[in-house]
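Observations on the model geometry
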Amino acid sequence: VFIFKKSANYDITSMDSPVLQQIKVGFEQDTPPESGLQIRGMVQRAVHFDIGGSNGESPTTMLDAVQNGRVDVMITWEPAIGAFLKNYPDLKVVGVPSERATGSPEQYSFPMSMGVREDETTLKNQLDEVIAKYQETLTSILTQHGVKLYTPQR
């Protein structure tokens with residue numbers, strides 16, 4: 001997702017939005033947005049955040065960077081920041097479409113799943129049963145924590 005101050009009122013609808021060439025962009029390192037910025041020659045002037053690393057940065061580090069003006073727009077993974085967004089009512093969230101106007105598609109939205117080893121069919125069946133039985137509860141928990149659920153496009 002793109003995250004920016006509501007007051008900025010940026011017209012950002014894709015990675016190719018012209019305004020991205022004019023403002024300070026932040027992104028979560030080692031993610032598809034980093035590749036998208038590299039394709040467009042923008043990564044060198046962007047600010048990277050190492051959320052999965054050992055330097056202590058957290059999702060709030062990224063949101064604080066937008067709130068305090070260190071970056072104008074942040075590109076990150078919504079499930080990682082969803083639970084924290086309620087503390088940032090002045091920020092706007094816009095989805096990044098999985099497309100590229102000038103070439104092959106870029107993937108920014110991913111279905112989530114669990115996996116088991118190929119020979120662990122008993123465990124797979126047990127997990128499937130738990131998910132089916134508690135689907136409503138699981139959806140409620142995700143929603144409470146700010147995770148938006150999207151229907152995959154086919």
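What comes next concerns the included structure. Just so it is clear, the structure is predicted and the values come from calculations on it, not from any experiment.

The rules behind each value
- Each chain carries its own residue numbering, running from 1 in the written order of its sequence.
- Local features in this predicted model are restricted to residues of pLDDT 70 or higher, and side-chain atom pairs are both shown and tallied only at a pLDDT of 80 or more, whereas totals for entire chains, interfaces and linings draw on every residue.
- To get the side-chain values, all heavy atoms of the structure are used, and hydrogens and water are removed first.
- Here a helix means four or more residues in a row that DSSP labels H or I, a strand means two or more in a row labelled E, and each is numbered from the N terminus.
- Exposed residues in this analysis have more than 50% of their type's maximum accessible area, buried residues have under 20%, and partly exposed residues fall in between, with area computed by a 1.4 Å probe over protein chains only.
- We call two residues contacting when some pair of their heavy atoms lies within 4.5 Å.
- Residue burial considers only the protein chains on display, and all accessible areas are found by Shrake-Rupley using a 1.4 Å probe.
- In this tally Asp and Glu are treated as negative and Lys and Arg as positive; neither His nor the chain ends contributes.
- Throughout, a charge is located at the NZ atom of Lys, the CZ atom of Arg, the CG atom of Asp or the CD atom of Glu.
- Among buried residues, those of type Ala, Val, Leu, Ile, Met, Phe, Trp, Tyr and Cys that are joined through side-chain atoms within 4.5 Å constitute a nonpolar core.
- Only residues above 30% relative accessible area that lack a salt bridge enter a patch, with like-charged residues linked at up to 9 Å and the nonpolar side chains Val, Leu, Ile, Met, Phe, Trp and Tyr linked at up to 5 Å.
- Between Lys or Arg on one side and Asp or Glu on the other, a salt bridge is scored when a side-chain nitrogen of the former is within 4 Å of a carboxyl oxygen of the latter.

Moving on: the overall build of the protein. The secondary structure content of the protein amounts to 5 helices and 5 strands. N-terminal to C-terminal, the α/β element order of the protein is β-β-α-β-α-β-α-β-α-α. Seen through its principal axes, the protein has C-alpha atoms that stretch 55 × 35 × 30 Å. For the protein, with 154 residues in total, the buried portion stands at 32%. Expressed as a percentage of contacts within the protein between residues at least 6 apart in sequence, the contacts between residues at least 24 apart total 55%. Put simply, the protein shows about 10,000 Å² of open surface, and 51% of that area lies on carbon and sulfur atoms. With 14 positive and 19 negative side-chain charges, the protein shows a spacing of 6 Å between the two charge centroids.

If you look at the biggest cluster of nonpolar residues, it comprises 18 residues, and the most contacted ones within it are Phe2, Ile12, Leu20, Val25, Leu37 and Val73. Elements supplying a minimum of two residues to this core: strand 1 (2-5), strand 2 (25-28) and strand 4 (73-75). Of all hydrophobic cores here, the second largest spans 15 residues; its members include Val1, Leu63, Ala65 and Val66.

All right, on to unusual backbone geometry then. Even without glycine at this site, Asn9 takes up a positive phi of about 50°. Residue class for Asn9 comes out exposed when judged on its relative accessible area of 62%. Here the phi dihedral of Asp30 falls at roughly 60°; this positive angle occurs in a residue that is not glycine. Its place among the elements puts Asp30 in the loop between strand 2 and helix 1 (32-39). Judged by its relative accessible area of 65%, Asp30 falls in the exposed class.

Okay, a nonpolar patch on the surface next. Taken together, the side chains of Val130, Tyr134 and Leu138 present a nonpolar region at the surface, about 250 Å² in accessible area. Residue Val130 is classed as partly exposed on the basis of its relative accessible area, which comes to 44%.

Everything listed here is a matter of coordinates, which is why it stays silent on function.
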